[in-house]
Amino acid sequence: MEQFEIKPLFDLHIAGYDLSYTNSALFMTFAVIASALLFWSATRNRTMVPSRWQSIAEVLYEFNATMVKDNIGKQGLKYLPFVFTLFLFVLLGNVLGLMPYGFTITSHIVVTATLAVAIWVGATVIGFSRHGFHYFSLLLPKGTPPAVAPFLVLIETMSYFIRPVSLSLRLFANMMAGHVLLKVLAGFIISLGLLFGWIPLIAVFGITLLEIMVALIQAYVFALLTCIYLNDAVNLH
Amino acid sequence: MTDREPPAQSTPSLEDVAARLEAVQAREAKENAGAERRKGKAEGIGIGMRIGIELLASVLVGGGLGVFLDDKLETSPIFLLAMVSLGFTAGVMNVLRITKRMDVANRIVHGDAAKDAKTRQPAPSADDDGE
Amino acid sequence: MPQFDPSSFPSQIFWLVVSFIALYLVVSRLAVPRVAEVLEQRHRLVQDDIDRAASFKAETDQAIAAYEQAMADARAQAQEQIRIVTNEAKAIAEKRTAEVTKAVNDQTAQAEARIAKARQDALDGLMQVAADNAKAVVAKLANLTPDDAAVQSAVAGALKETR
C-alpha cells in the first residue's frame, strides 16, 4: 500500500546498515519540532492567566501528570518526562498521519514494537533493581491456592511476555486499520464520480473525525499501559 | 434629599464575604472530585479498546513460542498446542482483569459518581494534596 | 505490505531512537519544568489568596468576638460600679437617718425631761405656795399654827381632787 511506503530522502549507510533519512524519519522530526515549538512558545512568557498555547501545554501536562500520579503514585512523577514524551510522540505520530500527504509513523510495527519493547525492558529493569529477586512475586497473585500456583505462574509469565506484543500490536493495528479504511473510502469517492461520490465523502468526513478520536485514545492507552507496567515495577503489588 | 448611605455593593457585609469564601473553597474541593470522575471515564474508553488485541497478542505469543520450542526439540505439534492454549488462557484472564477494571471505572463514571464523590470528600485522601 | 519489509527496519529504529531522545530532551528540559513551575505558582497564588481571605475572616470574627466581650465586660463593670455606688449611698443615707433620728430622739427625750422637771418644779412650787397660803389663812383665821406636814398633805389632797 502506497501510503505506508518508506521512501528514503537522503541516503545514509553506517557500518553496513541502511540508516537513510526517510519520510518516516521526516515525520518523526516534525513531531519533535512541533512539540518543541509548542512548548517553547507556550512557556516563553509564562503568565498567571494562560495564553491559548500556554493552556494547551498546561492541559497536556496536567493530563499526563494526573495519569502518572493516579497509576503510579507520587513517587512515579520521576517517570513523568518519559511518559509525557511517549504520549506526545505517539499522539503526534498518529495525528500527523491524518493530514493530507501525511505519513503515520505509528502505522509501522517496527516503530510501535521498538517503543513497546523499550518500555517493557525498562519496566523489567526497574522492577528488578527496586525489588531484586522479589520482583518474581509479580508472577504469583496474592492468595493463590498452592495447588494451582505452578499453573498460574506459567500463565502470569506468559502474560508478562504478552505485554509488549499486545502493546505494540494494538497501536499498529488501530493506526493501520483506520488509515486503510480512509484510503479505501477516499478511493470510492473518485471511482463513484460526481453522482454518488458524496456518499463516501460523508463517510470519509465521519471516519476522519473518528480517526482523530482513535489517534487520541490510542496515545492515551499507550501511555496509560506504560504507567500500569511502571506501577507494577515500582510498587509491585 | 441626597442618599448619604453608600451602595450595598461597595462595602460587602461580612456575611457576603463569608459566603463567597465558602463557595470558593467548596469549588476547589469539587474540582478535585471532578478530576477523579474524568479519569474514570477516559479509562473506561481506553480499556475497552484493549480487549480484542489482547486475545490476538496472547495467541500470537503462544503460537510463536510453541513453534520455536517444537522446532528446537522436534516435538511438533505438542508445544504449539500447549503454548497456544496457555497463551489463550492468559489472554482470557487478561480480558477478565480488564473488564473488572472497566466495571470499577464505569461505577465511577455512572450512578455512584455523586455518592462516591460525597463520601470521598470528608476523608482527606493521601494523594490529592498535590494540586 | 511495506510494514513487514525488514530492509527499512534499521533506518526506522535508528531515527526513532534519535527523535525520541530529542523529544525526551525537549520534554524533560523545557516542557515539564516550565509548565510545572507555572502551575505550581498559580496554585500557590490562588491558595494564598484563599488562605489570606480565610485568615482575614478569622481575624474579623476574632475582632467581633473581642469587641462583644469588651462590651459585655464594660457593661458588667458599669453595673458593678453602679451597684457599689448605690450601696454606698444607701449606707450613708441610712447612717445619716439613724444619726438624725437618734439626735431627734435624744433632744425629744431631753425636752420631755425638762418639761417634766419644769412641771414638777411648778407643781412643787404651787404646792409650797398653796401650803404657805393655807398656813397663813389658817393662822389668820383660827390663830392656829398648823403642822407643816398636815398642811402639805391636805394641799396635796386638794390638788389631787381638782385634778
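Please read all numbers here as calculations on a predicted model, not as lab measurements. (Residues numbered from 1 in each chain as written. Chains lettered and ligands numbered in written order. Predicted model: local features only at pLDDT ≥ 70, side-chain atom pairs only at ≥ 80, totals over all residues.)

> When you look at the overall build of chain C in this model, what are you seeing that I'm missing?
The helix and strand tally for chain C stands at two helices and zero strands. Within chain C, the proportion of its 163 residues that are buried is 10%. (Helix = DSSP H or I, 4+ residues; strand = E, 2+ residues; numbered from the N terminus. Buried ≥ 20, exposed ≤ 12 C-beta atoms within 10 Å, placed from the backbone.)

> Help me out: how do you make sense of the overall build of chain B in this one?
Each helix and strand counted, chain B has four helices and zero strands in total. Walking chain B from its N terminus toward its C terminus, one meets helices and strands in the order α-α-α-α. A fraction of 70% describes how many contacts in chain B between residues 6 or more apart in sequence connect residues 24 or more apart. (Contact = placed C-beta atoms within 7 Å.)

> Explanation requested: the interface of chain A and chain C in the structure shown.
One widely used convention gives an interface's size as the accessible area the parts lose upon coming together. Listed per partner, the contact involves 38 residues of chain A and 30 residues of chain C. Those elements that place two or more of their residues in the side of chain A that touches chain C are strand 3 (17-18), strand 4 (21-22), helix 1 (23-42), helix 2 (52-72), helix 3 (80-96) and helix 4 (109-131) of chain A. At ten residues, the largest contribution of residues to the side of chain A that touches chain C is made by helix 1 of chain A. For the side of chain A that touches chain C, the residue count by class is 25 nonpolar, nine polar and four charged. (Nonpolar A, V, L, I, M, F, W, Y, C, P; charged D, E, K, R; others polar.)

> For this particular structure, what's the right way to read helix 4 of chain A?
Helical geometry: 3.6 residues make up each α-helical turn, so side chains three or four residues apart lie on a common side. Here helix 4 of chain A spans 32 Å end to end across 23 residues, near enough to the 33 Å set by a 1.5 Å rise per residue. Tucked into the core, helix 4 of chain A has its buried residues touching helix 3, helix 5 (149-196) and helix 6 (198-235) of chain A together with helix 1 (9-142) of chain C. Looking one or two residues past helix 4 of chain A, G132(A) carries a phi angle of roughly 60°, positive in sign. (Expected span 1.5 Å × (residues − 1).)

> Hey, could you run me through the nonpolar core in this one?
Side chains of a nonpolar character, in soluble globular proteins, are inclined to be buried together. Counting residues in each nonpolar core, the largest one holds 79 residues, and the members touching the most others are V83(A), L86(A), F87(A), F222(A), A223(A) and A31(C). In terms of residue count, helix 6 of chain A provides more of this core than any other element does, 13 residues in total. (Core = buried A, V, L, I, M, F, W, Y, C linked by C-beta atoms within 7 Å.)

> What is the right way to read helix 1 of chain C from this model?
Residue and element names in this part refer to chain C. Compared with the 200 Å implied by 1.5 Å per residue over 134 residues, the 188 Å span of helix 1 between its first and last C-alpha is a close match. For helix 1, the principal kink sits at V27 and spans about 35°. Phi for N143, located one or two positions after helix 1, is positive at around 50°. (Bend = angle between axes of the 7 residues up to and from the residue.)

> For this particular structure, what's the right way to read unusual backbone geometry?
Excluding glycine, a negative phi dihedral is what most residues carry, and trans is how most peptide bonds are arranged. Residue and element names in this part refer to chain A. Unusually for a residue other than glycine, A15 sits at a positive phi of about 50°. Tracing the sequence through the fold places A15 in the loop between strand 2 (13-14) and strand 3. Using a count of 6 C-beta atoms within 10 Å as the deciding quantity, one classes A15 as exposed. In this structure, Y101 is a non-glycine residue whose phi angle is positive, near 65°.

> Looking at this structure, I do not really get the packing of helix 3 of chain A against helix 1 of chain C. What am I missing?
Two quantities define a packed helix pair, namely the angle between the axes and the distance from one axis to the other. Helix 1 of chain C packs onto helix 3 of chain A with a crossing angle of 120° between their chain directions and a minimal axis gap of 9 Å. In terms of orientation, helix 3 of chain A and helix 1 of chain C fall into the oblique class. The two elements helix 3 of chain A and helix 1 of chain C meet at a crossing, and its hand is right-handed. Contact with helix 3 of chain A, carried on its side by L80(A), P81(A), F82(A), F84(A), T85(A), L88(A) and F89(A), involves F20(C), L23(C), Y24(C), V27(C), S28(C), A31(C) and V32(C) of helix 1 of chain C and no other residues of that element. (Axes fitted to C-alpha atoms, helices over the stretch in contact; angles between N-to-C directions. Parallel < 35°, antiparallel > 145°, perpendicular 65-115°, else oblique. Left-handed = near helix turned anticlockwise from the far one by under 90°.)

> Quick question: what am I supposed to make of the environment of K78(A) here?
Residue and element names in this part refer to chain A. Looking at where K78 falls in the secondary structure, it is placed in the loop between helix 2 and helix 3. You can call K78 exposed: it has 11 C-beta atoms within 10 Å. A C-alpha to C-alpha distance of 9.3 Å links K78 and V68, two positions ten residues apart in sequence.

> It is not clear to me how the environment of A90(B) should be interpreted in this structure. Could you clarify?
The residue A90(B) is located in helix 3 (residues 78-109) in this model. Considering only alpha carbons, one finds A90(B) and G62(B), 28 residues apart in sequence, at a separation of 9.4 Å. Those residues in contact with A90(B), other than ones at most four positions away along the chain, are I155(A), M158(A), S159(A), I162(A) and S58(B).

> Even after reading the chapter, I still don't get the confidence of the model for chain B, so can you show me in this structure?
Caution applies to low-pLDDT parts of the model: their predicted coordinates are not meant to be read in detail. Mean pLDDT for chain B: 69, with 53% of residues reaching 70 or above. For the stretch residues 112-131 of chain B, pLDDT sits under 50, and the model shows 17 contacts to residues farther than four places along the chain or on other chains. (pLDDT = per-residue confidence, 0-100.)

> I tried to follow the packing of helix 2 of chain A against helix 3 of chain A on my own but got confused; where do I start?
All names here are of chain A. For the pair helix 2 and helix 3, interaxial distance at closest approach is 10 Å and the crossing angle is 125°. Considered as vectors, helix 2 and helix 3 are oriented oblique to each other. Every pair of crossing elements has a handedness; the one defined by helix 2 and helix 3 is right-handed. In this structure, helix 2 uses N64, A65 and V68 to contact helix 3, whose residues at the interface are L80, V83, F84 and F87. In terms of residue class, the contact of helix 2 with helix 3 is built from six nonpolar, one polar and no charged.

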